[in-house]
Amino acid sequence: MKKMIENYTKSCELAINRIKELKHQKKQLEEKNQFCKIDELNLERRIRVLYEEYAYMNEIINRLTCYLKWKGGI
């Protein structure tokens, strides 16, 4: 169970890093007025999906942590 929490935590970190990369890319394209490229790359959708996945993974971490605390495993 603890290993699952660690894996989900690492996945959350990766998701946040990817969100930052995509937001940076979007900002650069906006500065160059390349809004069509933003649409072509589906950057807004990809960022939104990553945020949703991050929230879902965080919820799993919270539930697993609560379960371990309840069982006395932490």
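Residues numbered from 1 in each chain as written. Predicted model: local features only at pLDDT ≥ 70, side-chain atom pairs only at ≥ 80, totals over all residues. Heavy atoms only, no water.

Chemist: Is there a simple way to explain the overall build of the protein chain in this structure?
Modeler: From N to C terminus, the protein chain includes three helices and zero strands. Reading the protein chain from its N end, one meets helices and strands in the order α-α-α. The C-alpha radius of gyration of the protein chain comes to 17 Å, more than 25% above the 11 Å expected for a compact globule of 74 residues. Counting only C-alpha atoms and orienting by the principal axes, one finds that the protein chain spans roughly 55 × 15 × 15 Å. Every one of the 74 residues in the protein chain was classed for burial, and the buried ones make up 23%. Within the protein chain, residue pairs in contact and separated by at least 24 positions form 69% of the contacts whose partners lie at least 6 positions apart. When the accessible surface of the protein chain is split by element, carbon and sulfur atoms take 52% of a total near 5700 Å². Here the protein chain contributes 16 positive and 11 negative side-chain charges, whose respective centroids are spaced 6 Å apart. (Helix = DSSP H or I, 4+ residues; strand = E, 2+ residues; numbered from the N terminus. Rg over C-alpha atoms; globule rule 2.2 N^0.38 Å. Buried < 20%, exposed > 50% of the residue type's maximum accessible area, 1.4 Å probe, protein only. Contact = heavy atoms within 4.5 Å. Areas by Shrake-Rupley, 256 points an atom, 1.4 Å probe, with all protein chains shown as cover. Lys, Arg positive; Asp, Glu negative; His and termini not counted. Charge placed at Lys NZ, Arg CZ, Asp CG, Glu CD.)

Chemist: I would appreciate a short explanation of helix H1 (residues 2–31) in the present structure.
Modeler: When the terminal C-alpha atoms of H1 are compared, their 44 Å separation across 30 residues agrees well with the 44 Å that a helix rising 1.5 Å per residue should span. Of the residues making up H1, those classed as buried are Ile5, Cys12, Ala15, Ile19, Leu22, Lys26 and Leu29. If you follow the buried residues of H1, they end up packed against helix H2 (35–40) and helix H3 (43–71). Note on H1: the residue one or two positions beyond its end, Asn33, has a positive phi of about 55 degrees. (Expected span 1.5 Å × (residues − 1).)

Chemist: What is the right way to look at H3 in this model?
Modeler: Along its 29 residues, H3 runs 42 Å from first to last C-alpha, staying within 8% of the 42 Å computed at 1.5 Å per residue. Here H3 has its buried residues at Leu43, Ile47, Leu50, Met57, Ile60, Ile61, Leu64, Thr65 and Leu68. The inward-facing, buried residues of H3 contact H1 and H2.

Chemist: Before we go on, may I ask you to explain the packing of H1 against H3 in this structure?
Modeler: The relative placement of two packed helices is expressed as an angle between their axes plus a distance between the axes. One way to put it is that H1 packs onto H3 with a least axis distance of 9 Å and a crossing angle of 160 degrees. Taken together, H1 and H3 sit at an angle that is classed as roughly antiparallel. Like other packed secondary-structure pairs, H1 and H3 cross with a definite hand, here left-handed. Here the contact of H1 with H3 is composed, by residue class, of 19 nonpolar, five polar and six charged. (Axes fitted to C-alpha atoms, helices over the stretch in contact; angles between N-to-C directions. Parallel < 35°, antiparallel > 145°, perpendicular 65-115°, else oblique. Left-handed = near helix turned anticlockwise from the far one by under 90°. Nonpolar A, V, L, I, M, F, W, Y, C, P; charged D, E, K, R; others polar.)

Chemist: How do you make sense of the packing of aromatic side chains when you look at a structure like this?
Modeler: Each aromatic ring pair is specified by the distance between its two centres and by the angle formed by the two planes. As enumerated under the stated definition, the model contains one aromatic pair in all. A centroid spacing of 6.0 Å and a plane angle of 40 degrees characterise the contact between Tyr67 and Trp70, whose relative ring orientation is tilted. Here Tyr67 and its partner Trp70 are both found in helix H3, three residues apart, which amounts to about one turn of the helix. Since its relative accessible area comes to 66%, Trp70 is described here as exposed. (Phe/Tyr/Trp six-rings, centres within 6.5 Å; stacked < 30°, edge-to-face > 60°.)

Chemist: Any chance you could explain the state of the cysteines here in plain terms?
Modeler: As used in these notes, a disulfide is a covalent bond between sulfur atoms, one from each of two cysteines. Applying the stated criterion across every chain yields a total of zero disulfides. Residue Cys12 stays outside any disulfide, its sulfur separated by 15 Å from that of Cys66, the closest cysteine. (Disulfide = S-S within 2.5 Å.)

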